[in-house]
Amino acid sequence: MTRVFSGIQPTGHLTLGNYLGAMRRWAEADQYRAESLFCVVDLHALTMDHDPARVRRLSRQTATLLLASGLDPDVCTVFLQSHVDEHTRLSYLLECVASDGEMRRMIQYKEKAAKERERGRSVRLSLLTYPVLMAADILAYGANEVPVGEDQAQHVELTRDLAVRFNQRYGHTFVVPRATLPPVGARVMNLQEPTRKMGKSDDSGAGVVYLLDEPDVVRKKVLRAVTDSGREVVYDREERPGVANLLDVLAACTGGNPESLADVYDSYGSLKKDTAEAVVEALRPLQARHRELCADPAYVEGVLRDGAEKARAVARPTVDTAYRAIGLLPPVAEPSLSAAR
Ligand code: TYM
């Protein structure tokens, strides 16, 4: 059976980009067609300057939103990365397979490190090694598929390289995974700067639709989206990134196709209006379920506890196999120590 693994960082309030690029597919399709695990990757949230109380708060909120989006703990596994030691255990082994040059070539590292330096902060070593931890997240579970947005494709590519290299050097241990991207919505752009990805940590929230934004706030943000000079509605991501982004969002929310939708509209105003309503409708059930779940934090905690247990049971044998394969002795009583040579 296909196994799916994906993760999301609790580094900010989740956005429409997270939802359309990743979460919605996990909830609507992946969990039903594959054995799936979805993880709030809290260790990754420590790679940049962080406030411990905020990470705790956002970890809870992110897990609650995953459930609110429709992930069903009876069907899939939802858990926190730091509750399963196998991620960090495996990460170290993979650091012994990866090279520093490979890490320094990662686009997200370059962008985020530059941002930290601009702010006069030092760059944490964990920001450089982050993609190795991400590879460990995926490889520990033997996942074949990793449903992500476009910005994570390079990290999944690196994961493939590390898996192949490890297998060649130390014997077949890991499944070589592949990224799966949604047909539309793989890269939702910031509404105010449509050449930049919509991100949780963007400095200003004006161009970012957060999943918990009130309907009127969503409407305002979409209606104020920067569009391009010109009048007619055409789908051209290079020349008309603002309009193309609105068409992508509308298509992703309504299940349409951005090119055909362009033919339906003769003004930016009507496109914005329909897009705003489509986003409000897409978020409505999620927000309602989120309100219910917030009233029952013990339920969410129980889901995470059971999820971690299930996840550990899947990851441990693979990580133990990797420890043996790379040359580490098993921690057992004396007689087998000499036998294991
Ligand atoms: P993160 O937390 O930035 O984003 C979670 C998921 O949302 C997608 N996404 C978007 N998709 C479309 N448009 C956008 N504007 C947009 N913004 C975010 C991301 O592509 C991602 O699928 N490194 C990962 C987390 C991670 C992970 C993993 C993912 C850690 N370990 C293992 C998969 C497998 C990250 O920072 O995602």
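Being a predicted model, the structure only gives us computed values, none of them experimental.

Draft legend 1. Representation of the state of the cysteines. Inspection of every chain in the model, using the stated rule, returns zero disulfides. Lacking any disulfide linkage, cysteine 39 is separated from the closest cysteine sulfur, that of cysteine 76, by 12 Å.

Draft legend 2. Up close: the pairing of strand E1 (residues 3–8). Where E1 meets strand E2 (residues 35–40), six bridges bridge the pair, whose relative direction is parallel. Along E2, the bridge assignment pairs glycine 7 with cysteine 39. In terms of handedness, the path from E1 via helix H1 (residues 16–33) over to E2 forms a crossover that is right-handed.

Draft legend 3. Representation of the site of the ligand in the model. Neighbouring residues of the ligand: 27 residues in total, closest Gln9, Tyr130, Asp137, Asp151 and Lys200. Taking asparagine 18, its side chain carries an N or O atom lying 3.1 Å from an oxygen atom of the ligand. A distance of 2.5 Å separates an oxygen atom of the ligand from a polar atom in the side chain of aspartate 151. For the ligand, whose free accessible area comes to 710 Å², the fraction covered by protein is 98%.

Draft legend 4. Summary view of the pattern of salt bridges. Within the structure shown, the criterion is met by 23 salt bridges. Close ionic contact of arginine 124 with aspartate 49 constitutes a salt bridge, the shortest N to O distance being 3.9 Å. One end of the pair, arginine 124, is in the loop between helix H5 (107–118) and helix H6 (125–139); the other, aspartate 49, is in the loop between E2 and helix H2 (52–68), with 75 residues separating them in the sequence. Classification of aspartate 49 as partly exposed rests on a relative accessible area of 47%. Via salt bridges that share partners, Asp30, Arg33, Glu145 and Arg178 belong to a single interconnected network.

Draft legend 5. Structural view of the pairing of strand E3 (residues 77–80). Neither face of E3 is left uncovered, since the one carrying Thr77 and Phe79 and the one carrying Val78 and Leu80 both have all their residues buried. Bridge count between E2 and E3: four bridges; the pairing is parallel. Note that in E3 the partner of cysteine 39 across the bridge is phenylalanine 79. For the crossover that starts at E2, traverses H2 and ends in the parallel E3, the hand is right-handed.

Draft legend 6. A look at the layout of surface pockets. Reported here for the second largest pocket is a volume of approximately 230 Å³. Every residue along the wall of the second largest pocket is listed here: Arg56, Ser59, Arg60, Thr64, Leu80, His83, Leu293, Cys294, Pro297, Val300, Glu301 and Leu304. Elements represented by at least two residues in the lining of the second largest pocket include exactly H2, helix H11 (268–294) and helix H12 (297–326). Of the residues contributing to the lining of the second largest pocket, the split by class is six nonpolar, three polar and three charged.

Draft legend 7. Layout of the environment of proline 215. Looking at the element boundaries, proline 215 is found in helix H8 (residues 215–223). Judged by relative accessible area, proline 215 falls into the partly exposed class, the value being 26%. Excluding residues within four positions of it along the chain, proline 215 makes contact with Val280 and Gln287.

Draft legend 8. Up close: the packing of H1 against helix H9 (residues 241–254). Closest axis-to-axis distance for the H1/H9 pair is 11 Å, and the angle between their directions is 45°. Taken together, H1 and H9 sit at an angle that is classed as oblique. Like other packed secondary-structure pairs, H1 and H9 cross with a definite hand, here left-handed. For the pair formed by H1 and H9, the contact residues are Leu16, Leu20 and Arg24 on the first element and Val249, Ala252 and Cys253 on the second. For the contact of H1 with H9, the per-class residue count stands at five nonpolar, no polar and one charged.

Draft legend 9. Up close: the packing of aromatic side chains. Considering all chains together, one arrives at six aromatic pairs under this definition. Centre to centre, the rings of tryptophan 26 and phenylalanine 38 are 4.9 Å apart; their planes meet at 20°, and the pair counts as stacked. Placement of the pair is tryptophan 26 in helix H1 and phenylalanine 38 in strand E2, with a sequence separation of twelve residues. Side by side, tryptophan 26 and phenylalanine 38 carry an identical accessibility label, which is buried.

Conventions adopted
- Residues numbered from 1 in each chain as written.
- Predicted model: local features only at pLDDT ≥ 70, side-chain atom pairs only at ≥ 80, totals over all residues.
- Heavy atoms only, no water.
- Disulfide = S-S within 2.5 Å.
- Pairing = 2+ DSSP bridges.
- Helix = DSSP H or I, 4+ residues; strand = E, 2+ residues; numbered from the N terminus.
- Right-handed = clockwise from strand over helix to strand, strands pointing away.
- Near = heavy atom within 4 Å.
- Polar contact = N/O pair within 3.5 Å; in protein donor to acceptor, adjacent residues only side chain to side chain.
- Areas by Shrake-Rupley, 256 points an atom, 1.4 Å probe, with all protein chains shown as cover.
- Salt bridge = Lys/Arg side-chain N within 4 Å of Asp/Glu carboxyl O.
- Buried < 20%, exposed > 50% of the residue type's maximum accessible area, 1.4 Å probe, protein only.
- 1 Å grid on protein atoms, 1.4 Å probe; cavity = no way out; pocket = protein on both sides within 12 Å on 5 of 7 lines; lining within 4 Å.
- Points joined across faces, edges and corners; volume = space filled by probe spheres on them.
- Nonpolar A, V, L, I, M, F, W, Y, C, P; charged D, E, K, R; others polar.
- Contact = heavy atoms within 4.5 Å.
- Axes fitted to C-alpha atoms, helices over the stretch in contact; angles between N-to-C directions.
- Parallel < 35°, antiparallel > 145°, perpendicular 65-115°, else oblique.
- Left-handed = near helix turned anticlockwise from the far one by under 90°.
- Phe/Tyr/Trp six-rings, centres within 6.5 Å; stacked < 30°, edge-to-face > 60°.

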